[in-house]
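# What the coordinates show
Read off the chains here:
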Amino acid sequence: MKINWGTGIVIAFLMFISFILFFVFKVQSDSKYDNELVVEEYYKQERGLEALLDREQNAADLKDKLQIDNSNADVIKIVFPKEFDFKNIKGKVSLYRPSDRKLDFETPISLSASYLLIPKSDLAGGRWDITIDWQYNGKGYTNKIMLNL
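Structure report, in brief. (Residues numbered from 1 in each chain as written. Predicted model: local features only at pLDDT ≥ 70, side-chain atom pairs only at ≥ 80, totals over all residues. Heavy atoms only, no water.)

### Looking at the environment of Gln57
Among the secondary structure elements, Gln57 is positioned in helix H3 (residues 49–60). Separated by 86 residues in the primary sequence, Gln57 and Asn143 place their C-alpha atoms 9.4 Å from one another. Among the polar contacts made by the side chain of Gln57, one reaches the side chain of Asp61 at a distance of 2.8 Å. (Helix = DSSP H or I, 4+ residues; strand = E, 2+ residues; numbered from the N terminus. Polar contact = N/O pair within 3.5 Å; in protein donor to acceptor, adjacent residues only side chain to side chain.)

### Considering the sheet that holds strand S3 (residues 89–96)
On the basis of which strands lie adjacent, the open sheet formed by four strands has the order S4-S3-S6-S7 and antiparallel pairing. Strands with a single pairing partner mark the edges of an open sheet, and in this sheet they are strand S4 (105–108) and strand S7 (139–148). When strand polarity is set aside, the average angle formed by the axes of neighbouring strands in this sheet is 15 degrees. Judged from the eight bridges that link them, S3 and strand S6 (residues 127–136) form a sheet pairing that is antiparallel. (Pairing = 2+ DSSP bridges. Axes fitted to C-alpha atoms, helices over the stretch in contact; angles between N-to-C directions.)

### What about the side chain of Thr142?
Mapped onto the secondary structure, Thr142 falls in strand S7. At a separation of 2.9 Å, a polar atom in the side chain of Thr142 contacts the side chain of Arg55. Reaching out from Thr142, the side chain makes a polar contact with the side chain of Asp133 at a distance of 3.0 Å. When neighbours within four sequence positions are excluded, Thr142 is seen to be in contact with Leu52, Arg55, Glu56, Ala59, Thr131, Ile132 and Asp133. (Contact = heavy atoms within 4.5 Å.)

### Some remarks on the pairing of S7
Every other side chain in a regular strand lies on the same face of the sheet, so the side chains alternate between the two faces. Pairing analysis gives 10 bridges linking S6 to S7, with the strands arranged antiparallel. Within S7, the position partnered with Tyr136 by the bridge is Lys139.

### With respect to the environment of Lys87
Relative to the helices and strands, Lys87 resides in the loop between strand S2 (75–79) and S3. You can call Lys87 exposed: its relative accessible area is 56%. Between the alpha carbons of Lys87 and Ala113 there is a distance of 8.1 Å; along the sequence they are 26 residues apart. (Buried < 20%, exposed > 50% of the residue type's maximum accessible area, 1.4 Å probe, protein only.)

### Some points on the side chain of Arg97
Among the structural elements, Arg97 can be located in the loop between S3 and S4. For Arg97, the side chain forms a polar contact with the main-chain oxygen of Ala124, separated by 3.2 Å. Within polar-contact distance, the side chain of Arg97 engages the backbone oxygen of Gly125 at 2.9 Å. In this structure Arg97 touches Leu103, Asp104, Ala124, Gly125, Gly126, Arg127 and Trp128, once residues within four positions along its chain are discounted.

This is how it looks when you write it as structure tokens:
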């Protein structure tokens, strides 16, 4: 049987479409390629945006700002303002890994000095978004930073 050029083009198109559909179905069915949302409850989080902006402005208005020191090979050091009594600082530190939600975690702020240490052994290499959400005497503050380890 002889195939003319029109039939050859149709066969080529069908093979190409089959090739593309194979990979689409493979990515959709394989758990290795998770298509999850970046943030859980996105719309709920969006409603709290104005309060978050107020807390970020409070942090920006501080004379002595919160500092994050990444120079040590073993720990990340979060230094709170010296003008605040560290015993009255409460809150949490959220570590968010954009590439893998399973590595995200939060740690409460409990201070015995004016700084908090986060061991780098708990963190995989790569990009981390760190959010420090803290309160001092009822006033909220939020600091955000992106680190590459």
